[in-house]
Amino acid sequence: MPQDYVYDQGFAQERSRLAGIESLWDPGTHALLDELGIGPGWRCLEVGAGGGSLLEWMSGRGASVVAVDIDTRFIESLASDSIDVRRLDIRTDELAQGEFDLVHSRLVLEHLPDRRQIIQRLAAALRPGGCMVIEDYDWTGFGFEGAAVELERVTAAIMSFMQRSGFEPHYGRQVVADLAAAGLHEVRGEGRARVIDSGSPGFDFFRLSFESLRDAVVDAGLISTEDADAAAVRFSEDTRVLTPTMMAGIGRR
Ligand SMILES: C[S@@+](CC[C@H](N)C(=O)[O-])C[C@H]1O[C@@H](n2cnc3c(N)ncnc32)[C@H](O)[C@@H]1O
């Protein structure tokens, strides 16, 4: 697996972590793609397809999809006449040129330090007139409700751990500029955020991201075992979270 992507692909609850992302953000992504007119005949490239919920949705809209990921274990079973699954590293592996009506990626480029070059490669995969939609977080507004020192401490530790591998916690606010720099036209951006409680399926994204990385963050000396244990207790209690802002950058070739 590439070094840049910090999440442990062997984490037993990775599919549930991805389901947390899907429950938080799929409705907004659907709305964006519907607004762009996704429909029968569209050829889509889904980059870093993860758990694959968007593949089935695109296919349901009548589009065909090439789904790429370095880890295809959750999407192989979705392969069909309209869903072509390919195990591929988006940083280095070859992509079709000038072929797609839509290139979409969510919560992938923020992890990869060479994201600007990747956007240029993705832009070349679009047909003239095709659309690119890149969605990534801006963590500026993120926070837990009330006094949550244990959760804030572990969040800061996880952020610095991820940044060591090239993660950019504010990439969401840079996406539009990078689409413009790649020569796309009609570039624009928009953001959405949610306030959710710990009973919401989306809360699993935050809880399981912590579970997935906690040992690595302790081993890296960024937080003590005691602080990680205290955060685990807080994650199991009732709380609310203001999510990071999911920023979407949109542009046309
Ligand atoms: C946080 S998950 C997001 C999954 C999905 N896009 C979503 O929003 O539901 C990031 C995904 O990017 C994939 N990924 C990470 N680095 C990659 C690379 N270099 N090439 C292709 N996929 C990559 C991971 O395997 C993972 O499935």
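All of these numbers come straight from a predicted model, not from anything done at the bench.

Asker: Describe the overall build of the chain, and please don't skip the residues or the numbers.
Answerer: Across its full length, the chain carries seven helices and ten strands. A compact globule built from 253 residues should have a C-alpha radius of gyration of about 18 Å, and the chain, at 18 Å, falls within 12% of that. If one aligns the C-alpha atoms of the chain with their principal axes, the spans along those axes are about 55 × 35 × 30 Å. With 253 residues in all, the chain has 53% of them scored as buried. For the chain, restricting intrachain contacts to residue pairs at least 6 apart in sequence, the fraction spanning at least 24 positions comes to 75%. Surface exposure of the chain reaches about 10,700 Å², of which carbon and sulfur atoms provide 47%. Taken as two groups, the 25 positive and 41 negative side-chain charges of the chain have centres that lie 4 Å from each other.

Asker: Tell me about the site of the ligand, and name the residues and values.
Answerer: Around the ligand, the surrounding shell holds 18 residues, and the nearest of these are Gly 48, Asp 69, Asp 89, Ile 90 and Arg 106. Within the side chain of Arg 106, a nitrogen or oxygen atom sits 2.7 Å from an oxygen atom of the ligand. Residues that form the shell around the ligand fall into these classes: ten nonpolar, three polar and five charged.

Asker: Go over the environment of Leu 32 with me, naming the residues and quoting the values.
Answerer: Locating Leu 32 in the fold gives a position in helix H1 (residues 14-36). Each C-alpha atom of the pair Leu 32 and Ala 228 lies 38 Å from the other, and the pair is 196 residues apart in sequence. With residues up to four places along the chain from it excluded, the contact list for Leu 32 reads Val 133, Glu 135, Glu 190, Arg 192, Ala 248 and Ile 250.

Asker: Explain the sheet that holds strand S6 (residues 143-144) to me, and be specific about the residues and the numbers.
Answerer: On the basis of which strands lie adjacent, the open sheet formed by three strands has the order S6-S9-S8 and antiparallel pairing. This sheet does not close on itself; its edge strands, each paired only once, are S6 and strand S8 (195-197). Its contacts with the sheet put helix H6 (residues 203-219) on S6, S8 and strand S9 (240-242), and the angle it makes with S8 is roughly 70 degrees.

So, how was this worked out
- Residues numbered from 1 in each chain as written.
- Predicted model: local features only at pLDDT ≥ 70, side-chain atom pairs only at ≥ 80, totals over all residues.
- Heavy atoms only, no water.
- Helix = DSSP H or I, 4+ residues; strand = E, 2+ residues; numbered from the N terminus.
- Rg over C-alpha atoms; globule rule 2.2 N^0.38 Å.
- Buried < 20%, exposed > 50% of the residue type's maximum accessible area, 1.4 Å probe, protein only.
- Contact = heavy atoms within 4.5 Å.
- Areas by Shrake-Rupley, 256 points an atom, 1.4 Å probe, with all protein chains shown as cover.
- Lys, Arg positive; Asp, Glu negative; His and termini not counted.
- Charge placed at Lys NZ, Arg CZ, Asp CG, Glu CD.
- Near = heavy atom within 4 Å.
- Polar contact = N/O pair within 3.5 Å; in protein donor to acceptor, adjacent residues only side chain to side chain.
- Nonpolar A, V, L, I, M, F, W, Y, C, P; charged D, E, K, R; others polar.
- Pairing = 2+ DSSP bridges.
- Axes fitted to C-alpha atoms, helices over the stretch in contact; angles between N-to-C directions.

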